[in-house]
Amino acid sequence: MSNHTTKRAFTLAEVLITLGVIGVVAALTMPVVVGKFRRSTAENKLKKFYSTMDQAINMAVVEYGEIEIEDKDKVDYNNSQYIESWMKKYITKYLKTLKSEKADNRSYEVAFSDGSGFVAQMYPPYDSTNTSHLYIFYCLNFDKCDENKVDGRNTFWFMYDNDAKKLIPMLSQLSTSTLKRDFCYEGGQSQMGCAALIMKNSWKIPDDYPWIK
């Protein structure tokens, strides 16, 4: 009786078909995987930035008892020396940064080791409260940071709340539906409320968010 074992190899056609199927599956699933990674990265960076800044401000309050932005005589569009001294005294001394320096006559830049960073600007009072304002433009990718383009993709807008003594996303007093309709989603006036929208969603990007897919 013969005891030979027959071994069957894959044909070239079968190999090509298998590779083709794998390629189709990869093409269908890759955008989903990449999108989830982008969203997760953005969520983690935003949450970490907010927590880091909150800790820095709390440490400044402990050290100085109170942190205030000076009156309108010291804050104007061209007083870069004041914003530099303010940031160094109250914020950046408590942060681990790759770079923190005056950028121009009205901006102060800070870069972090994860590739993100922010641009800080101060503006004089524009209402009856006579309170100057500190704005923070946080960017997921600091190399592409543009405070003139708050897009909900890379750049997100925050401000320092003088009363609460903390950093808050712009327009965080508005409801989620208003933020979506008017200040973040497509068809709205701008994307200046996207950071507030994500914060209200526990620092998770909503499923229907249009800018990071």
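Residues numbered from 1 in each chain as written. Predicted model: local features only at pLDDT ≥ 70, side-chain atom pairs only at ≥ 80, totals over all residues. Heavy atoms only, no water.

Colleague: Got a sec to walk through the state of the cysteines? Specific residues and values, please.
Modeller: Note: disulfide means a covalent bond formed between the sulfur atoms of two cysteine side chains. On inspection of all chains with the given rule, the structure shows two disulfides. Paired by a disulfide, Cys-139 and Cys-145 hold their sulfur atoms 2.0 Å apart. An S-S torsion of about 70° defines the bridge between Cys-139 and Cys-145 as right-handed. Disulfide partner of Cys-184: Cys-194, at an S-S distance of 2.1 Å. Disulfide Cys-184 to Cys-194: torsion about the S-S bond roughly 105°, handedness right-handed. With Cys-184 in the loop between helix H3 (176-183) and helix H4 (194-200) and Cys-194 in helix H4, this residue pair connects regions lying 10 residues apart in the sequence. For the pair Cys-184 and Cys-194, a shared accessibility class is recorded, and that class is buried. What connects to what in the chain, once the bonded cysteines are numbered by sequence position, is 1-2, 3-4. (Disulfide = S-S within 2.5 Å. Helix = DSSP H or I, 4+ residues; strand = E, 2+ residues; numbered from the N terminus. Buried < 20%, exposed > 50% of the residue type's maximum accessible area, 1.4 Å probe, protein only.)

Colleague: Describe in detail the sheet that holds strand E2 (residues 107-111), supporting the description with residues and values.
Modeller: Taken in spatial order, the six strands of this open sheet run E1-E2-E3-E4-E5-E6, and their pairing is antiparallel. Of all the strands in the sheet, just strand E1 (99-102) and strand E6 (166-169) have a single pairing partner and so form its edges. The average angle at which neighbouring strand axes cross in this sheet is 25°, direction not considered. In this sheet, strand E4 (residues 133-139) lies alongside strand E3 (residues 117-123) in antiparallel orientation, the contact comprising seven bridges. Among the inter-strand pairings, Tyr-123 is bridged to a residue of E4, identified as His-133. Each of E1, E2, E3 and E4 touches helix H2 (residues 80-90); the most contacted strand, E3, lies at about 125° to it. (Pairing = 2+ DSSP bridges. Axes fitted to C-alpha atoms, helices over the stretch in contact; angles between N-to-C directions. Contact = heavy atoms within 4.5 Å.)

Colleague: Break down the nonpolar core for me, citing the residues and quoting the values.
Modeller: Of all hydrophobic cores here, the largest spans 56 residues; its most connected members are Phe-49, Trp-86, Phe-118, Leu-134, Phe-156, Phe-158 and Tyr-209. Among the elements that take part in this core, helix H1 (residues 12-64) stands out by supplying eight residues, more than any other. Not counting chain neighbours up to four residues away, the residues in contact with Phe-49 comprise Phe-112, Phe-118, Ile-136, Tyr-138, Phe-158 and Leu-167. Val-119, Cys-139, Phe-142 and Cys-145 belong to the second largest nonpolar core, which has five residues in total. (Core = buried A, V, L, I, M, F, W, Y, C linked by side-chain atoms within 4.5 Å.)

Colleague: Tell me what's going on with the packing of aromatic side chains, and back it up with residues and numbers.
Modeller: The tally for this structure, following the rule as stated, stands at 11 aromatic pairs. Ring plane angle 45° and centroid distance 5.2 Å describe the contact between Tyr-50 and Trp-203, whose orientation is recorded as tilted. Here Trp-203 lies in the segment after H4 and Tyr-50 lies in helix H1, a separation of 153 residues in the sequence. For the pair formed by Tyr-50 and Trp-203, the shared burial category is buried. Of the aromatic side chains, those joined through ring pairs into one cluster are Phe-49, Phe-112, Phe-118, Tyr-138 and Phe-158. (Phe/Tyr/Trp six-rings, centres within 6.5 Å; stacked < 30°, edge-to-face > 60°.)

Colleague: Requested: an account of the pattern of salt bridges, with residues and values cited.
Modeller: One pass over the full model with this rule turns up seven salt bridges. Note that Lys-99 and Glu-109 form a salt bridge whose closest N and O atoms lie 3.5 Å from each other. Here Lys-99 is found in strand E1, whereas its partner Glu-109 is found in strand E2, with 10 residues between them in sequence. In this structure, the salt-bridge partner of Asp-208 is Lys-180, at a minimum N-O distance of 3.5 Å. (Salt bridge = Lys/Arg side-chain N within 4 Å of Asp/Glu carboxyl O.)

Colleague: Please set out the environment of Ser-190 residue by residue, giving values where relevant.
Modeller: Mapped onto the fold, Ser-190 is located in the loop between H3 and H4. Distance in space between the C-alpha atoms of Ser-190 and Val-150 is 8.0 Å, their sequence separation being 40 residues. A polar contact of 3.4 Å, which involves the side chain of Ser-190, links it to the backbone nitrogen of Met-192. (Polar contact = N/O pair within 3.5 Å; in protein donor to acceptor, adjacent residues only side chain to side chain.)

Colleague: Just give me the short version of unusual backbone geometry, but keep the residues and values in it.
Modeller: Its identity as a non-glycine residue notwithstanding, Lys-165 has a phi of 55°, on the positive side. A positive phi angle, near 60°, is found at Trp-203, a position not held by glycine. Looking at Trp-203, the relative accessible area reads 10%, which means it is buried.

Colleague: Please set out H3 residue by residue, giving values where relevant.
Modeller: Buried residues of H3: Thr-178, Leu-179, Asp-182 and Phe-183, and no others. Across the axial projection of H3, the buried residues extend over an arc of 100°, all falling on one side. Along its buried surface, H3 packs onto H4. (Arc of directions from axis to C-beta.)

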